[in-house]
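Residues per chain, in single letters:
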Amino acid sequence: MAFRQFGAAAAIAVALAFGASPAFAVTEIQWWHAMTGGNNDVVVKLANDFNASQSEYKVVPTYKGGYADTMNAGIAAFRAGNAPHIMQVFEVGTATMMAATGAIKPVYKLMQEAGEKFDPSSYLPAITGYYSTSKGEMLSFPFNSSSTVMWVNLDALKKADIAEIPKTWPDVFAAAKKLKAAGYSNCGFSNAWATWVNLEQLSAWHNVPLASKANGLDGFDTVLQFNGPLQVKHLENLVELQKDKTYDYSGRTNTGEGRFTSGECPIFLTSSAFFGNVKSQAKFNWTNAPMPYYPDAKGAPQNSIIGGASLWVMGGKTPAEYKGVAKFLAFLSDTDRQVEIHKASGYLPITKAAYEKAKAEGFYKDQPYLETPLKELTNKEPTENSRGLRLGNMVQLRDLWAEEIEQALAGKKTAKQALDAAVERGNQMLRQFEKTAVR
């Protein structure tokens, strides 16, 4: 404290000696993000707290629209020569960011060059694996991570005389039939994010590949493989149950999530980041539970993969600016700060120490639903099939896959025909991306 007081006094003396001009120019760090509502408040507070903690750098957060909008704006800005220093990019934009020549500064290099303490092994492996090279070098900094969970209307289960929350997919199907008979005629169960839940997470949770080369993490020359027996069987089940609305499709993104909070769909699979909406909008007793699994699948459940976003450091900045960015990322990694972010947003703590501290404080005793995604992510050591995925043009790929799933649900194709077509069309898109990607 004495040192800080001396430093402040010296700065004032220098300022007075030079006609009250500032002794040092503050280096601004531009941070573009996609957070709204309460999560925007979290972002603003983090920037303000960092700015108050030191006097050399000022982080300036700017909301740039949804995830896709923010990524596109950042890439366009880089091409125009005025990119931000830090950009929040959703997890499925990872391959696209890696392929943007010279546009990024890998985080592991940034921290090394800035001399900031940085140990990738201190972060949760299911999170860092998504954003690291096959050698374990972290390319971007994990920021807001989530996973898929099953949200459950406990009052509805009680009304349908269902004693336990279902654990397996057959249990979910049976429970949904009972719920439908108990008055939930439009929807026994449903999900948001059609491909994330029914292809990407399903594959990881059952330890089967979505694509070759560790789902693309080990190379852009990856080939899609999600038309195997498990994925086909799952889609066949959904197609059959859709016929009488035991299952009812809720769209490609999260626009259908309100079907859970309104009470229409009593079992609903979507992101753990749905927590804030459920807490503020649901007028019934609720909780969440891990994703269901097929009990005849060997080794299931495995571990889930993450959703959410990470912070990418953009290329072409000065060493002084990069030093400020590195200090900010070190600031975000602080254990107490990670616990605070976790409690305020419902997103996951990204470090092992923060997770352990939240547990030690008894945080999950009153709010067990906030630990569900953490239990899923750490259920088993990640495998090549469950480390994450890195596929180019992922936004377009998801639309293509969803289009084929919708064809099956509408009875226009069999489940096998739909997934075969999704794989074939997706591989064509991946080959186009591979031509443009950096080797």
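Note: the structure precedes this text.
Since the model is a prediction, treat every value here as computed from it, not as a measurement.

Description of the environment of Met-71
Turning to step 1, where the next piece is worked out: Mapped onto the elements of the fold, Met-71 is located in helix α3 (residues 67-79).
Turning to step 2, where the next piece is worked out: You can call Met-71 buried: its relative accessible area is 7%.
Turning to step 3, where the next piece is worked out: The residues contacting Met-71, other than those within four sequence positions of it, are Met-87, Val-89, Phe-90, Gly-93, Thr-96 and Met-97.

Side note on the sheet that holds strand β3 (residues 86-90)
Turning to step 1, where the next piece is worked out: The five strands are arranged β2-β1-β3-β9-β4 in an open sheet whose pairing can be described as mixed. Each having just a single partner strand, β2 (57-63) and β4 (141-146) make up the two edges of the open sheet. Averaged over all pairs of adjacent strands, the angle between their axes in this sheet comes to 20°, without regard to strand direction.
Turning to step 2, where the next piece is worked out: As judged from the five bridges shared by β3 and strand β9 (residues 307-313), these two strands associate in the antiparallel manner. Note on β9: the bridge partner recorded for Val-89 is Ser-310.

Considerations on the side chain of Thr-168
Turning to step 1, where the next piece is worked out: Relative to the helices and strands, Thr-168 resides in the loop between α7 (154-159) and α8 (169-181).
Turning to step 2, where the next piece is worked out: At 3.1 Å, the side chain of Thr-168 forms a polar contact with the side chain of Asp-171.
Turning to step 3, where the next piece is worked out: Residues contacting Thr-168, with those up to four places away along its chain left out, are Pro-292, Tyr-293 and Pro-295.

A closer look at the pairing of strand β5 (residues 148-153)
Turning to step 1, where the next piece is worked out: Taking burial as the measure, the six residues of β5 include six buried ones, the bulk of the element.
Turning to step 2, where the next piece is worked out: Burial of the side chains of β5 extends over both faces: Thr-148, Met-150 and Val-152 are buried on one face and Val-149, Trp-151 and Asn-153 on the other.
Turning to step 3, where the next piece is worked out: Sheet topology places β5 next to strand β7 (residues 267-271); five bridges connect them, and they run antiparallel. Bridging from a neighbouring strand, Val-152 pairs with Ile-267 of β7.

Describing helix α14 (residues 319-333)
Turning to step 1, where the next piece is worked out: The terminal C-alpha atoms of α14 lie 21 Å apart, and with 15 residues this matches the ideal 21 Å at 1.5 Å per residue to within 8%.
Turning to step 2, where the next piece is worked out: Those residues of α14 that fall on the buried side of the exposure criterion are Glu-321, Tyr-322, Gly-324, Val-325, Ala-326, Phe-328, Leu-329, Phe-331, Leu-332 and Ser-333.

Comments concerning the state of the cysteines
Turning to step 1, where the next piece is worked out: This model, assessed by the stated rule, comprises one disulfide.
Turning to step 2, where the next piece is worked out: Two residues, Cys-187 and Cys-265, share a disulfide whose sulfurs are 2.1 Å apart. What sets the handedness of the Cys-187 and Cys-265 disulfide is the S-S torsion sign, and at about 115° it is right-handed. Placement of Cys-187 in the loop between α8 and β6 (189-191) and of Cys-265 in the loop between α12 (258-261) and β7 is noted, with a sequence separation of 78 residues between them. In this pair, the class of Cys-187 matches that of Cys-265, namely buried.

What to know about the nonpolar core
Turning to step 1, where the next piece is worked out: Membership of the largest hydrophobic core comes to 128 residues, with the highest contact counts inside it found for Phe-189, Leu-329 and Trp-401.
Turning to step 2, where the next piece is worked out: Residue contacts for Leu-329: discarding those within four places in its chain leaves Val-107, Leu-110, Met-111, Phe-141, Leu-311 and Val-313.

Topic: unusual backbone geometry
Turning to step 1, where the next piece is worked out: The omega torsion of the bond from Ala-300 to Pro-301 falls at 0°, within 30 degrees of zero and hence cis.
Turning to step 2, where the next piece is worked out: Position of Pro-301 relative to the elements: it lies in the loop between β8 (286-289) and β9.
Turning to step 3, where the next piece is worked out: In this structure, Lys-213 is a non-glycine residue whose phi angle is positive, near 55°.
Turning to step 4, where the next piece is worked out: Position of Lys-213 relative to the elements: it lies in helix α10 (residues 212-215).

Criteria and cut-off values
- The residue numbers shown here count from 1 along each chain, following its written sequence.
- Local features in this predicted model are restricted to residues whose pLDDT is 70 or higher, and side-chain atom pairs enter the listing and the counts only when it is 80 or higher, whereas totals over whole chains, interfaces and linings include all residues.
- Remark: hydrogens and water are excluded; side-chain values derive from all non-hydrogen atoms of the structure.
- Secondary structure elements follow DSSP: runs of H or I of four or more residues count as helices, runs of E of two or more count as strands, with numbering from the N terminus.
- Remark: exposure states derive from per-residue accessible area (1.4 Å probe, protein chains only) relative to the maximum for the residue type, with buried under 20%, exposed over 50%, and partly exposed in between.
- Contacts: residue pairs with any heavy atoms within 4.5 Å of one another.
- Here, a strand pair is defined by DSSP locating no fewer than two bridges between the strands.
- Throughout, an axis means a line fitted to C-alpha atoms (over the contacting stretch in the case of helices), and angles, computed between N-to-C directions, take values from 0 to 180 degrees.
- Think of a polar contact as two N or O atoms within 3.5 Å of one another; within protein, one of them needs to be a possible hydrogen donor and the other a possible acceptor, and neighboring residues in sequence only count if both atoms come from side chains.
- Expected span of a helix: the number of residues minus one, times 1.5 Å.
- Disulfides are defined as pairs of cysteine sulfur atoms found within 2.5 Å of each other.
- In plain words, nonpolar cores are sets of buried Ala, Val, Leu, Ile, Met, Phe, Trp, Tyr and Cys residues tied together by side-chain atoms within 4.5 Å.

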